Amino acid sequence: MTVLDTPAWRPRTEAGPLLPDAAPFRLLGTPEAARLAPALLTELYGQLVRGRRFNRQATALTKQGRLAVYPSSTGQEACEIAAALALGPRDWLFPSYRDTLAVVARGVDPVEALTLLRGDWHTGYDPRETRVAPLSTPLATQLPHAVGLAHAARLSGDDVAALAMVGDGGTSEGDFHEALNFAAVWQAPVVFLVQNNGFAISVPLAKQSAAPSFAHKAVGYGMPGRLVDGNDAAAVHQVLTEAVDRARAGRGPTLVEAVTYRIDAHTNADDATRYRDDDEVAAWRAHDPVDLMERELTGRGLLDDALRQRTADEAEALAAALRERMHDEPRLDPMELFAHVYAEPTQQLRDQEAMLRAELEAEQQS
Amino acid sequence: MSPSSSTAPAPAAAPVAQKPATMAQALNQALRDALVADPAVHVLGEDVGTLGGVFRITDGLARDFGDDRCTDTPLAEAGILGTAVGMAMYGLRPVVEMQFDAFAYPSFEQLVSHVSRMRNRTRGALPLPITIRIPYGGGIGGVEHHSDSSEAYYLHTPGLHVVTPATVEDAYGLLRASIASDDPVVFLEPKRLYWSKADWSPQEPREVPPIGRAVVRRSGRSATLITYGPSLPVCLEAAEAAKEEGWDLGVVDLRSLVPFDEETVAAVVRGTGRAVVVHESAGFGGAGAEIAARITERCFHHLQAPVLRVAGFDIPYPPPMLERHHLPGVDRILDAVGRLQWEEG
Ligand SMILES: Cc1ncc(C[n+]2csc(CCOP(=O)(O)OP(=O)(O)O)c2C)c(N)n1
């Protein structure tokens, strides 16, 4: 044996096939789009319009004091809904804090999806029932969970994939690195979706990464990287569906970078004029995910005034229902504070529970 | 590896631990028996596979249960614990090994932000039955970063159980109980007791001790030493030596810091009226401060003297050549006992 025969000497994977395309993959407005099924396009269109309206309504709810905060995904609706639609019923979604829309598109009740941002209990839905992990506020920490879950599913012989979402800023976290590395080594059925929306709060891309693209990072881990136009709902849907299918087929993880833009400020509490130019915002407004889809549908004669109106009405109805249901203050039981810390509360927690109960009783009597 | 392979050899229930057994063997047997008892149990960590762990606690598990049940992970502690969270979300029961106390720190965010609060965050929908085994403490001549006593970080995190055995039998029983628990358990293994021996075999039927119950290792009428993990043998030795001074010292082994068995501790201290808490980790803001405060709250009128603490100095863990000055020893414990205001008693 010589060193040339040892495992350390030779590259373990060929890099070439893993490399992303030079430019983001697009479908809408290209000749390729002709083979897309009309039903898919109109479904995506309806979701986009409803998603846009949802973002607007949720932001309005912050102004009315019904939500504590809302990180809007306006401009990113294509990524949000494509992520949800690419998954089958048994697959799992691991959303980041901005991804309420993906959670709702996956079928979670909107009010339940918003409990965290309402200041109500942290997670309003049952993750096992919905197959949606809790919205993760500590950035990138949900990525290793997705890998572990996908790995466990595979160990159990189940046909289940996981899709984990993260922002461009989140890719700088150590957990991003560790999750991708574990996923590739274990060949876990997981898809990572980086929504590159240009900013992490105020910090622009150039201060976040010097990589050719986030998709290129995949190569270093030994998984394919895909670069896609994140405002092209058909393209994101196709790329994610391929990646999820690939994962389920036992061919391992994929990293998808969707290039998009955060049209609103970071949250309702942020002032984006302090750190970015209107020109840039205008450029992205001209590449809007809803408009791109409308143009495609119109060009193919799939969008008439009636459909446009029906879709708008549906979105309005959803917004009205959300407004109405969010109108009443939720009633939380303070005694529940002690109920879920452990399977059985400790003696110390029981003592504190008794103290709070006495305080509440005294409050009621006065 | 082939995660879905069903070619793993049949689980070996054969005993490895034979009388007298070491704590390391007892821990290995506990893992083995847990792997046999529940197919959801999965062991993962650095070098836990072929090597059997740097302390050999997982010796033979990968051979006997297959790589999928005892997995060498990439070298990344946050990744190990983070993926364990996902595995537990799917219904598995991961047992994670951190190679050393100070190398568990990269996983701290996963521990605090997710492991400890997933049950609470989801209103009980998503409990995480994860056991995190961490060899801890000094006294083995380890170079920097190999001797930390990190329990205070963990016990200050609501949602975690913090368990630490001090005897060979408890190492077996408490690890079985921890793996069976539906709550996450930080299982602190006193590495300097790994090679301690007891006339014990897991084949003898015995009750698995419930988590959260302290045990009186030695009853005494003069004063009570309250301790856990690596300091138990030191306290027992001190109690023996104290006889010469005319003191009859009792020793309580907490076995778990969370839940903290306040009832047992308070009952014992009420009987003696004097108590010293002993642990290796730094005294300031340490477990002993909490224990002393609680004893004072519960037993004030029975106390003949303030509760004292004998702990490690408030310094980063010292170089091995100086560690004997840092670690609580028999003399320092007896000095503390001597300061329990006997003249007024
Ligand atoms: C670990 C961690 N550090 C800091 C924060 C505070 N924080 C919340 S959002 C955010 C920016 C996130 O940017 P990015 O990952 O690009 O996602 P985006 O907001 O663009 O969706 C920061 C710094 C956090 N939530 N978690």
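Residues numbered from 1 in each chain as written. Chains lettered and ligands numbered in written order. Predicted model: local features only at pLDDT ≥ 70, side-chain atom pairs only at ≥ 80, totals over all residues. Heavy atoms only, no water.

Trainee: So what exactly am I meant to see when it comes to the overall build of chain B here?
Mentor: In terms of regular secondary structure, chain B is built from 12 helices and 14 strands. Referenced to the eigenvectors of the C-alpha coordinate spread, the extents of chain B come out at roughly 70 × 45 × 40 Å. Out of the 345 residues belonging to chain B, those deemed buried represent 62%. Partitioning the intrachain contacts of chain B with sequence separation of at least 6 by distance along the chain shows that 80% fall at a separation of at least 24. Of the roughly 13,100 Å² of accessible surface on chain B, 53% is carried by carbon and sulfur atoms. (Helix = DSSP H or I, 4+ residues; strand = E, 2+ residues; numbered from the N terminus. Buried < 20%, exposed > 50% of the residue type's maximum accessible area, 1.4 Å probe, protein only. Contact = heavy atoms within 4.5 Å. Areas by Shrake-Rupley, 256 points an atom, 1.4 Å probe, with all protein chains shown as cover.)

Trainee: Help me understand the domain arrangement of chain B, please; the structure alone is not making it clear to me.
Mentor: Much of the literature gives interface size as the accessible area that the parts lose upon coming together. All names here are of chain B. For chain B, the assigned domains read domain 1 (21–198) and domain 2 (215–338). Each of domain 1 and domain 2 has a C-alpha centre, and the two are 26 Å apart. Contacts between the two partners involve 27 residues from domain 1, matched on the other side by 23 residues from domain 2. Taken together, both faces of the contact between domain 1 and domain 2 bury some 1,900 Å²; the carbon and sulfur share is 60%. At the junction of domain 1 and domain 2, the tally comes to 3 salt bridges. A salt bridge links Glu280 to Arg192; the shortest N-O distance between them is 2.3 Å. At the boundary of domain 1 with domain 2, the tally comes to 12 residue pairs in polar contact (both at pLDDT 80 or more). Secondary structure elements with two or more residues in the side of domain 1 that touches domain 2: α6 (151–155), β6 (161–163) and α7 (168–180). When its residues are assigned to classes, the side of domain 1 that touches domain 2 shows 13 nonpolar, 10 polar and 4 charged. (Domains from an automatic or database assignment. Buried area = accessible area lost by both parts, 1.4 Å probe. Salt bridge = Lys/Arg side-chain N within 4 Å of Asp/Glu carboxyl O. Polar contact = N/O pair within 3.5 Å; in protein donor to acceptor, adjacent residues only side chain to side chain. Nonpolar A, V, L, I, M, F, W, Y, C, P; charged D, E, K, R; others polar.)

Trainee: How should I be thinking about the UniProt feature "domain: Transketolase-like pyrimidine-binding" (unreviewed entry) in chain B in this particular structure?
Mentor: UniProt tags residues 21–196 of chain B as "domain: Transketolase-like pyrimidine-binding" (unreviewed entry). Span residues 21–196 of chain B is 36% helix and 17% strand, its end C-alpha atoms 8 Å apart. (UniProt positions renumbered as here; feature names shortened; annotations may be inferred.)

Trainee: Please clarify how the site of the ligand should be interpreted in this entry.
Mentor: Residue and element names in this part refer to chain A. Around the ligand, the structure places 15 residues, and the nearest of them are Tyr97, Arg98, Gly169, Gly170 and Asn197. Gly170 is positioned with one of its backbone polar atoms (N or O) 2.8 Å from an oxygen atom of the ligand. One of the side-chain N or O atoms of Asn197 is found 2.8 Å from an oxygen atom in the ligand. When the ligand is considered free in solution it has 580 Å² of accessible area, and contact with the protein chains removes 74% of it. (Near = heavy atom within 4 Å.)

Trainee: So what exactly am I meant to see when it comes to the packing of aromatic side chains here?
Mentor: Pairs of aromatic rings are described using the distance from one ring centre to the other and the angle between the two planes. Residues and elements named next belong to chain B. Enumeration over the complete set of coordinates arrives at 16 aromatic pairs over all chains. Measuring from ring centre to ring centre gives 5.0 Å for Phe55 and Tyr194, while their planes differ by 50°; the resulting arrangement is tilted. With Phe55 in the loop between β2 (41–45) and α2 (61–65) and Tyr194 in the loop between β7 (185–190) and β8 (197–198), this residue pair connects regions lying 139 residues apart in the sequence. In this pair, the class of Phe55 matches that of Tyr194, namely buried. Between Trp247 and Trp342 the ring centres are 5.6 Å apart and the planes differ by 25°, which places this aromatic pair in the stacked class. Here the residue Trp247 occupies a position in the loop between α8 (232–242) and β11 (249–253), and Trp342 occupies one in the segment after α12 (330–338), the gap between them amounting to 95 residues. Counting every residue linked through ring pairs, the aromatic cluster contains Phe55, Phe100, Phe103, Tyr194 and Trp195. Here the basic side chain of Arg274 rests over the ring of Trp342, its NZ or CZ set 4.2 Å away from the ring centre. (Phe/Tyr/Trp six-rings, centres within 6.5 Å; stacked < 30°, edge-to-face > 60°. Lys NZ or Arg CZ within 6 Å of the ring centre and 35° of its normal.)

Trainee: How should I be thinking about unusual backbone geometry in this particular structure?
Mentor: What is expected of a backbone is that most residues other than glycine have negative phi and most peptide bonds are trans. Residue and element names in this part refer to chain B. With an omega of -5°, the peptide bond between Val258 and Pro259 qualifies as cis. Unlike most non-glycine residues, Arg255 shows phi in positive territory, near 65°. Mapped onto the fold, Arg255 is located in the loop between β11 and β12 (256–258).

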